[in-house]
Amino acid sequence: MTAQGVDDAVEEKPQKEPVTERRLHPITPLRRAWAPVAVVIGWAVHDPDQTQRQLTRLTTTTLLIALAVIVPAAALYGFLTWWFTHFAVTDAELRIRTGLLFRRTAHIRLERIQAIDVTQPLLARVAGVAKLRLDVVGTDKKDELAFLGEREARALRAELLARAAGFAPETAHEVGEAPARELLHTPPRDLALSLVLTGATWGSLVAALVVPPLLWMATHSVWTVLATALPLLGAAGASSVGRFVSEYDWTVGESPDGLRIDHGLLDRSHETVPPGRVQTVRIVEPLLWRRRGWVRVELDVAGSSNSVLVPVAPRAVAEAVVARVLPGVTVPPLSALSRPPRRAGRCVPVWWRGYGLAVTDSVFAARQGLLRRSLALVPHAKVQSARLTQGPWERLWRVADVHVDTGANKTVTARLRDAQEAAELLKAQAERSRTGRKGARPDRWMV
């Protein structure tokens with residue numbers, strides 16, 4: 001090739017679009033400015049006696065001087081951390097560059113992103129900003145961009161999903177957020193009544209009311225009572241008021257990028273259940289819910305913290321939602337679940353009646369619990385390994401447990417099956433898993 005030909009080839013080579021770095025919302029420094037103040041508060045809590053002695057020595061002039069130093073220092077810290085934080089979207093990755101003294105650059109490849117959630121704490125909703133949280137394969141901690149303008153956060157989420165799905169960079173901005181069709185909405189009245197009918201709510205409340213007085217009668221120590229009462233009251237609040245506030249206005253919608261979940265009374269969350277990443281679905285049925293036909297649906301999602309799909313709903317509605325998150329899977333009816341043999345009662349008296357198993361062409365379904373029934377559904381394509389365990393007492397009564405492990409580091413167990421049945425089940429499960437993986441849907445967005 002001549003020199004002229006080389007020059008022409010270089011000229012014809014397409015030039016990459018320059019990467020444009022962006023900053024977070026200008027309100028972000030207010031969030032970062034609390035760090036120096038938090039250090040002072042942490043020191044005060046760590047040594048309250050020393051703090052009290054130092055405060056008694058402070059004069060008004062010294063206090064004003066301290067405030068005049070701390071407040072500007074906090075403001076400067078917040079501004080500098082915001083100023084040195086940038087992010088940019090390229091054809092293949094999201095780059096986040098942070099660090100005031102020690103620089104850190106995160107390169108998040110778009111095909112590794114499993115879920116992108118938009119969350120709005122109460123104060124963020126007032127200010128009109130939002131937080132973008134990203135679930136990435138192989139990381140336990142979520143990367144986040146906090147804060148962005150609410151519209152900018154949703155537009156960036158749509159752009160990232162579009163690029164991850166293979167849209168060209170020049171058209172990714174135009175794709176926008178995919179439309180969603182509402183599948184379920186939980187009325188606040190049903191949510192509140194379901195919490196009242198939950199045994200954990202009453203158990204934690206009774207413990208918070210009964211245990212502290214008993215401790216006072218036994219020890220007459222205020223600190224012992226407070227150290228016990230506060231965690232118990234916190235647990236009672238989290239299982240009742242906390243769940244109501246978090247699961248308020250729960251809405252599930254279907255879109256090309258997965259099932260979208262919106263919820264929250266004070267802190268609003270906009271989450272997405274990634275397609276193809278759901279490993280296990282659990283249909284939970286507490287005792288006091290059965291008369292109303294209500295169930296709760298929980299999830300195990302690989303690499304994601306999404307754990308609830310439906311907080312409370314009629315069984316038929318919940319099963320319809322399960323059919324959307326697990327295409328081709330039908331929830332086995334209760335009559336299809338086979339109990340362990342009666343001799344299993346020698347190993348686990350009474351409670352053995354709560355165990356059940358059903359294996360269909362698409363799913364491994366195992367049930368446990370008498371008072372709080374839980375039916376776990378594992379698609380065969382999501383089974384990573386299968387194991388058979390048998391203790392000495394189980395060997396005596398010719399029963400065994402079959403465990404299937406999923407990609408979410410969770411295990412579903414079919415308890416106390418006949419030993420011969422368990423051996424055949426273990427052998428057949430390997431073939432079902434291979435066949436299921438061949439027809440599994442891809443773990444990609446909008447495909």
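Structural notes, computed from the coordinates.

Calculation criteria
- Residues numbered from 1 in each chain as written.
- Predicted model: local features only at pLDDT ≥ 70, side-chain atom pairs only at ≥ 80, totals over all residues.
- Heavy atoms only, no water.
- Helix = DSSP H or I, 4+ residues; strand = E, 2+ residues; numbered from the N terminus.
- Buried < 20%, exposed > 50% of the residue type's maximum accessible area, 1.4 Å probe, protein only.
- Contact = heavy atoms within 4.5 Å.
- Pairing = 2+ DSSP bridges.
- Axes fitted to C-alpha atoms, helices over the stretch in contact; angles between N-to-C directions.

With that settled, the discussion passes to the environment of Trp-351. Here Trp-351 lies in the loop between α12 (315-325) and β14 (356-359). Its relative accessible area of 44% is what places Trp-351 among the partly exposed residues. Distance in space between the C-alpha atoms of Trp-351 and Gly-369 is 7.1 Å, their sequence separation being 18 residues. Beyond its immediate sequence surroundings of up to four residues, Trp-351 is in contact with Leu-370 and Leu-371.

For the rest of this paragraph, the subject is unusual backbone geometry. Following Ala-146, the chain continues to Phe-147 via a peptide bond in cis, the omega torsion being 5°. Position of Phe-147 relative to the elements: it lies in strand β6 (residues 143-149). Despite not being glycine, Leu-416 has its phi angle at roughly 55°, a positive value. Within the fold, Leu-416 resides in strand β19 (residues 411-418).

Below, the discussion takes up the sheet that holds strand β5 (residues 129-136). Spatially, the 7 strands line up as an open sheet ordered β6-β5-β4-β10-β9-β8-β7, and their pairing is antiparallel. Looking at the sheet topology across the chains shown, the edges are occupied by β6 and β7 (181-185). Averaged over all pairs of adjacent strands, the angle between their axes in this sheet comes to 20°, without regard to strand direction. With 3 bridges connecting them, strand β4 (residues 113-120) and strand β10 (residues 268-273) associate as antiparallel partners. Within β10, the position partnered with Thr-119 by the bridge is Ser-269. Helix α7 (residues 150-164) contacts β4, β5, β6, β9 (258-263) and β10 of the sheet and is inclined by roughly 135° relative to β6.

What follows deals with the pairing of strand β18 (residues 399-406). For β18, the buried fraction is high: 8 of the 8 residues fall into the buried class. Covered by surrounding structure in β18 are Val-399, Asp-401, His-403 and Asp-405 together with Ala-400, Val-402, Val-404 and Thr-406, the residues of both alternating faces. Taken together, the 6 bridges between β18 and β19 define a ladder with antiparallel strand orientation. When the sheet's bridge partners are listed, His-403 is paired in β19 with Thr-413.

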